[in-house]
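# Remarks on the overall topology
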Amino acid sequence: LYQFHNTHLLASCAIMNGSRKEAARYAAKCRDDIPADYYASTSPFREFVHYLASTPVFAAIRYGQWDELLAMPDAPDTAVYQKILVSFGKGMAHARKGQVAAAENDLKSIQQWMESDAGIKIKMGALNSGYDGAVVASNMLSGAIAEAKGDFTAAALGFKKAVDAGMAGQDD
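Residues numbered from 1 in each chain as written. Predicted model: local features only at pLDDT ≥ 70, side-chain atom pairs only at ≥ 80, totals over all residues. Heavy atoms only, no water.

Let us now look at the packing of aromatic side chains. Counted by the stated rule, this structure contains four aromatic pairs. Aromatic pair Phe4 and Tyr38: ring centres 5.7 Å apart, planes at 85°, arrangement edge-to-face. Separated by 34 residues along the polypeptide, Phe4 in helix α1 (residues 2-17) and Tyr38 in the loop between α2 (20-32) and α3 (45-53) bring together distant segments of the chain. Using a relative accessible area of 15% as the deciding quantity, one classes Phe4 as buried. Ring centres of Tyr51 and Phe58 lie 5.7 Å apart, and the angle between their planes is 50°; this geometry places the pair in the tilted category. Here a set of aromatic residues connected by ring pairs shows up, and it is made of Phe4, Tyr38, Phe45 and Phe48. Directly above the ring of Tyr26 sits Arg25, whose terminal nitrogen or CZ lies 4.4 Å from the centroid. Directly above the ring of Tyr131 sits Lys121, whose terminal nitrogen or CZ lies 4.6 Å from the centroid. (Phe/Tyr/Trp six-rings, centres within 6.5 Å; stacked < 30°, edge-to-face > 60°. Helix = DSSP H or I, 4+ residues; strand = E, 2+ residues; numbered from the N terminus. Buried < 20%, exposed > 50% of the residue type's maximum accessible area, 1.4 Å probe, protein only. Lys NZ or Arg CZ within 6 Å of the ring centre and 35° of its normal.)

Quick look at the structure:
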């Protein structure tokens, strides 16, 4: 488990510092090194696994790799949080490519999956729950959709809600 954390840290640093190739390499390692049986863990560890496995989504968003995001395979139906994160990535790609109807469908899917599994609402210690992360993703995608429509007031509101949701619970 500690090694997964270390690999994720390397991917996150590369994502933030502009090292696209390193980000992609470590993000893929995050996904590829997770043993298959970890995906069947119980919540909240399961959502942590789904988050780690979704690191390539975050790397591709950071570097505007919209076609790569759209080509990513969907997560299995049993991996609700991973489905949310992959749909978030695809929704961002659709919005950035001006495919607003497809982005809106991705957002609707995210909102449905958020309510489909009570396990994603369980926190892992002081960390936000998968549900909390899904609220951030949903608001961020709402902002991107509004921006694609040219409604910059609604876009700013969506992005602000995403920031506020991300900060909620930080003092817990």
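Let us now look at the packing of α3 against helix α6 (residues 80-96). Close contact between α3 and α6 brings their axes to 8 Å; oriented N to C, the two are set at 30°. Classed by the angle they form, the pair α3 and α6 counts as roughly parallel. As for the relative orientation of α3 and α6, their crossing is right-handed in sense. On the side of α3, the interface is formed by Glu47, His50, Tyr51 and Ala53, while α6 contributes Val80, Tyr81, Gln82 and Leu85. When its residues are assigned to classes, the contact of α3 with α6 shows five nonpolar, two polar and one charged. (Axes fitted to C-alpha atoms, helices over the stretch in contact; angles between N-to-C directions. Parallel < 35°, antiparallel > 145°, perpendicular 65-115°, else oblique. Left-handed = near helix turned anticlockwise from the far one by under 90°. Contact = heavy atoms within 4.5 Å. Nonpolar A, V, L, I, M, F, W, Y, C, P; charged D, E, K, R; others polar.)

Volume-wise, the largest pocket comes out at about 1,000 Å³. What lines the largest pocket is a set of 31 residues, and nearest its centre among them are Tyr51, Phe58, Tyr81, Asn128 and Gly133. Elements supplying a minimum of two residues to the lining of the largest pocket: α1, α3, α4 (55-62), α6, α8 (130-148) and α9 (152-167). Each residue belonging to the lining of the largest pocket can be placed in one class, and the counts come to 19 nonpolar, ten polar and two charged. By volume, the second largest pocket amounts to about 170 Å³. Contributing to the lining of the second largest pocket are Arg31, Ala53, Ser54, Pro56, Val57, Met72, Pro73, Asp74, Ala75, Gln82 and Val86. Of the residues assigned to the lining of the second largest pocket, the class counts are seven nonpolar, two polar and two charged. (1 Å grid on protein atoms, 1.4 Å probe; cavity = no way out; pocket = protein on both sides within 12 Å on 5 of 7 lines; lining within 4 Å. Points joined across faces, edges and corners; volume = space filled by probe spheres on them.)

This next bit is on α1. With 16 residues, α1 ought to run about 22 Å at 1.5 Å a step, and its terminal C-alpha atoms sit 23 Å apart, in line with that. Taken together, the buried positions of α1 are Phe4, Thr7, His8, Ala11, Ser12, Ala14 and Ile15. Each buried residue of α1 sits inside an arc of 165° when the element is viewed along its axis, so together they form one side. Seen from the buried face of α1, the exposed residues on the opposite side, beyond 90 degrees, are Tyr2, Gln3, Met16 and Asn17. Buried positions along α1 lie against α2, α3 and α4. (Expected span 1.5 Å × (residues − 1). Arc of directions from axis to C-beta.)

Scanning the entire structure with this criterion turns up 13 salt bridges. Among the salt bridges present, the one from Asp164 reaches Lys160, with a minimum N-O distance of 2.7 Å. Taken as a pair, Asp164 and Lys160 lie in helix α9 at a separation of four residues, close to a single helical turn. Salt bridges sharing partners connect three or more residues here, namely Arg46, Glu47 and Asp117. (Salt bridge = Lys/Arg side-chain N within 4 Å of Asp/Glu carboxyl O.)

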